[in-house]
Amino acid sequence: MDKVADALPGSQWSPFEMNPNLPPERADIVIIGGGVIGWSIAYWLKKKERVRDGVKVIVVEKDPTYSQASTVLSAGGIRQQFSLTENIQLSLASADFMRNINEHLGVLNQEPVDLQFNHSGYLFVANESVAHIMEENYSTQRFAGAKVSLLSPVQLKEKFPWINTEDVALASYGLENEGWFDPWTLLNAFRQKAISMGVIQSIGEVTGFNCTLNRMDTVDGETVDVKRIKHVNVRMPNSREYQPVECAIVVNAAGAFSAKLVDMMGIGTGPKDTLSGMALPVEPRKRFIYVFNCPDGPGLDCPFLVDYSGIYFRREGLGGNYITGTSPEEDAEPDVSNLDVDHEFFQEKIWPSLAHRVPAFESLKVTSAWAGYYDYNTFDQNAILGIHPLAQNMFFATGFSGHGLQQSPAAGRAVAELILDGSYQTLDLKGLGFQRIMAKEPLLEKNIV
């Protein structure tokens, strides 16, 4: 009798087995990429919507474990010591958001969010050949509102006696809003808050798009195909089953692998130096982070130090533990097909510079290491925000090249403004759009970490 009752009209019974994890068939906005950028955008879209439950937002993430996510494998730093005003403003706004994080991301009946924000600041160290760049950056940073001070070698030694200052000409120290925090906590806080506001989480992989095509002529006389996405095809984990999701807007927040989505649309396949040949200049780059122990190393006042040689380190908890890393030479980029760690890289490229800058580091022991991906913008190593001219309804938030975590609160707000308001409302980030790529005018940082 129960089976008969289940089969009556109005019951939930179906002769077909339904996958409960399938995304809905329709949404207003599909965000591809459930890292901190994607979830930040989702949060801001719901925060800004004018009618409650008026915007149906889905976040699609292929890896629910986040085992290879750039967000959780990063060093967790935040700084305002950039040379570009856009980057300074993004990080200032994000730092303000993090200082008041429970006002934004607190969820009723849940524990308060604790980012474990360590406000020890960033310390950049320059030699004679790059000191003038540091002075120029300092002026830009102060004008933009960042609290930074310049230190002479004598002042540097007084403040941090453990530093070798023999070859130091100048140092720049962040006095406020700089340091490091726990990346997973920020990601999860955005995710939980967005879900509490009605955002739908979908575990699956985007395998393609159904698009309409509009052929147009540019002012230069080039004929181009402008595409508009009608459906996003989401394949379920460990399954051939997929769900086409009809939508009005797609957000590409797929990080290091965001260019794959553009390839799926057939964008960027035209002749070089044409609009139809303008691909998304983002690719995965592998970066190593090493954890080491040095009982006699810098104490609790240790900042996030960035040496002019390119190496960085910061304290990791208590007990004489630190993390460190550096970017390889352009012609020595490691294989990105896996996240294996090259331990010789530490011995050859990092340890000598560490021991030179901090003599106590001559005696240390590497205790663990991991690798993660940068969403590396090969054009100018800065974020790409906005719409590709050939993808009419795909908004991009990618190419942060290592700055995505720290800039995620403000970047998410900016993209939500573009989508809902049609333009930036709080920060002027037009310089980070595709126009600079079309014009071949890179927006380069003078000190990239």
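Preceding this paragraph is the structure being described.
Read on for a plain summary of the structure. On a predicted model such as this, the values are computed, not experimentally measured, just so you know.

1. Some words on the packing of helix α7 (residues 183-196) against helix α10 (residues 404-421)
Then step 1. Packing of α7 against α10 leaves a shortest axis separation of 11 Å and a crossing angle of 25 degrees. Put simply, α7 runs roughly parallel to α10. Handedness of the α7/α10 crossing: left-handed. Listed contacts from α10 to Pro183, Leu186 and Phe190 of α7 are Leu405, Ser408 and Pro409.
Then step 2. Its residues assigned to classes, the contact of α7 with α10 shows five nonpolar, one polar and no charged.

2. So, the environment of Leu115
Then step 1. Structurally, Leu115 can be placed in the loop between α4 (101-105) and β4 (122-126).
Then step 2. Separated by 68 residues in the primary sequence, Leu115 and Pro183 place their C-alpha atoms 7.9 Å from one another.
Then step 3. Once residues within four sequence positions are removed from consideration, Leu115 is found in contact with Met98, Ile101, Phe181, Asp182, Thr185 and Leu186.

3. Here we look at the layout of surface pockets
Then step 1. Each pocket or cavity is described by its volume, and for the second largest pocket that value is around 430 Å³.
Then step 2. Thr274, Leu275, Met278, Met438 and Lys440 are, among the 18 residues lining the second largest pocket, the residues nearest its centre.
Then step 3. Among the residues making up the lining of the second largest pocket, the classes are represented as nine nonpolar, four polar and five charged.

4. Examining the nonpolar core
Then step 1. By size, the foremost hydrophobic cluster in this structure holds 55 residues, and its most contacted members are Ile29, Ile31, Trp39, Leu186, Val251 and Leu385.
Then step 2. Setting aside anything within four residues of it in sequence, one finds Val251 in contact with Ile29, Val30, Ile31, Ile32, Ile41, Phe395 and Ile419.
Then step 3. Core analysis: the next-biggest nonpolar cluster, separate from the first, contains 32 residues, Ala27, Ile229, Val234 and Met278 among them.

5. Examining helix α9 (residues 343-357)
Helical periodicity: at 3.6 residues per turn, an α-helix aligns residues three or four positions apart in one direction.
Then step 1. Taking 1.5 Å per residue as the helical rise, α9 with its 15 residues ought to reach 21 Å, and the 21 Å between its terminal C-alpha atoms agrees with that figure.
Then step 2. If you look at α9, its biggest bend is around 45 degrees, right at Ile350, and the proline Pro352 turns up within four residues after that.
Then step 3. Considered for burial, the residues of α9 that qualify are Phe345, Phe346, Ile350, Leu354, Ala355 and Arg357.
Then step 4. Its buried side turned inward, α9 meets β4, β13 (282-293), β14 (304-307), β15 (312-315), β16 (321-325) and β17 (365-377).

6. Examining the state of the cysteines
Then step 1. Tallied over the full model, the rule gives zero disulfides.
Then step 2. Cys211 takes part in no disulfide bond, and the closest cysteine sulfur to it belongs to Cys247, at a distance of 9.4 Å.

7. Comments concerning the packing of aromatic side chains
Then step 1. Inspection of the entire model under this criterion finds 24 aromatic pairs.
Then step 2. The interplanar angle of 5 degrees and the centroid separation of 4.3 Å between the aromatic rings of Tyr122 and Phe304 together place this pair among those described as stacked. Within this pair, whereas Tyr122 is found in strand β4, its partner Phe304 is found in strand β14, the two being separated by 182 residues in sequence.
Then step 3. Using a relative accessible area of 4% as the deciding quantity, one classes Tyr122 as buried.
Then step 4. Cluster of aromatic residues (ring-pair linked, three or more members): Phe160, Trp162, Tyr173, Phe292, Phe313, Tyr322 and Phe361.
Then step 5. Note that Arg79 overlies the ring of Phe82, its terminal NZ or CZ placed 4.0 Å from the centroid.
Then step 6. The side chain of Arg413 reaches across the aromatic face of Trp44, ending 5.8 Å from its centre.

8. Side note on the environment of Glu103
Then step 1. For Glu103, the position within the fold is in helix α4.
Then step 2. A relative accessible area of 64% means that Glu103 is categorised as exposed.
Then step 3. In this structure the C-alpha to C-alpha distance between Glu103 and Lys147, which are 44 residues apart in sequence, comes to 24 Å.

9. A few points about the sheet that holds strand β8 (residues 200-203)
Then step 1. Taken together, six strands build an open sheet; the order of strands is β8-β2-β1-β12-β19-β18 and the sheet is mixed. Edge positions in the open sheet fall to β8 and β18 (384-387), since each of these has one partner strand only. Pairwise comparison of adjacent strand axes, ignoring direction, gives a mean angle of 15 degrees for this sheet.
Then step 2. Here four bridges tie strand β1 (residues 29-32) to strand β12 (residues 249-252), and the two strands are oriented parallel to one another.

10. Re the pattern of salt bridges
Then step 1. Considering all chains together, one arrives at 16 salt bridges under this definition.
Then step 2. For Asp96, the salt bridge is made with Arg99, and the minimal N-O distance between the two is 2.8 Å. Of this pair, Asp96 and Arg99 both sit in helix α3 (residues 85-99), three residues apart, which is roughly one turn of the helix.
Then step 3. The exposure class assigned to Asp96 is partly exposed, which follows from its relative accessible area of 36%.
Then step 4. Given the relative accessible area of 43%, Arg99 is considered partly exposed.
Then step 5. Of the charged contacts in the structure, one is a salt bridge between Arg285 and Glu283, with a shortest N-O distance of 2.7 Å.
Then step 6. Note on Arg285: relative accessible area 6%, which makes it buried.
Then step 7. What makes Glu283 partly exposed here is its relative accessible area of 32%.

11. Side note on the sheet that holds β16
Then step 1. Ordered in space as β5-β6-β4-β14-β15-β16-β13-β17, the eight strands form an open sheet in which the pairing is mixed. The open sheet has two edge strands with one neighbour each: β5 (148-151) and β17. Adjacent strand axes in the sheet meet at a mean angle of 20 degrees when their direction is disregarded.
Then step 2. Two strands pair when backbone bridges link them, and β14 and β15 are joined in this way by two bridges, in the antiparallel orientation. Its bridge partner being in β15, Val306 is matched across the sheet by Tyr312.
Then step 3. In the packing of helix α5 (residues 131-144) onto the sheet, the strands contacted are β4, β5 and β6 (170-174), and the crossing angle to β5 comes to about 155 degrees.
Then step 4. Strand contacts of α9: β4, β13, β14, β15, β16 and β17, with the helix running at about 60 degrees to β13, the strand carrying the most contacts.

About the thresholds
- Residues numbered from 1 in each chain as written.
- Predicted model: local features only at pLDDT ≥ 70, side-chain atom pairs only at ≥ 80, totals over all residues.
- Heavy atoms only, no water.
- Axes fitted to C-alpha atoms, helices over the stretch in contact; angles between N-to-C directions.
- Helix = DSSP H or I, 4+ residues; strand = E, 2+ residues; numbered from the N terminus.
- Parallel < 35°, antiparallel > 145°, perpendicular 65-115°, else oblique.
- Left-handed = near helix turned anticlockwise from the far one by under 90°.
- Contact = heavy atoms within 4.5 Å.
- Nonpolar A, V, L, I, M, F, W, Y, C, P; charged D, E, K, R; others polar.
- 1 Å grid on protein atoms, 1.4 Å probe; cavity = no way out; pocket = protein on both sides within 12 Å on 5 of 7 lines; lining within 4 Å.
- Points joined across faces, edges and corners; volume = space filled by probe spheres on them.
- Core = buried A, V, L, I, M, F, W, Y, C linked by side-chain atoms within 4.5 Å.
- Buried < 20%, exposed > 50% of the residue type's maximum accessible area, 1.4 Å probe, protein only.
- Expected span 1.5 Å × (residues − 1).
- Bend = angle between axes of the 7 residues up to and from the residue.
- Disulfide = S-S within 2.5 Å.
- Phe/Tyr/Trp six-rings, centres within 6.5 Å; stacked < 30°, edge-to-face > 60°.
- Lys NZ or Arg CZ within 6 Å of the ring centre and 35° of its normal.
- Pairing = 2+ DSSP bridges.
- Salt bridge = Lys/Arg side-chain N within 4 Å of Asp/Glu carboxyl O.

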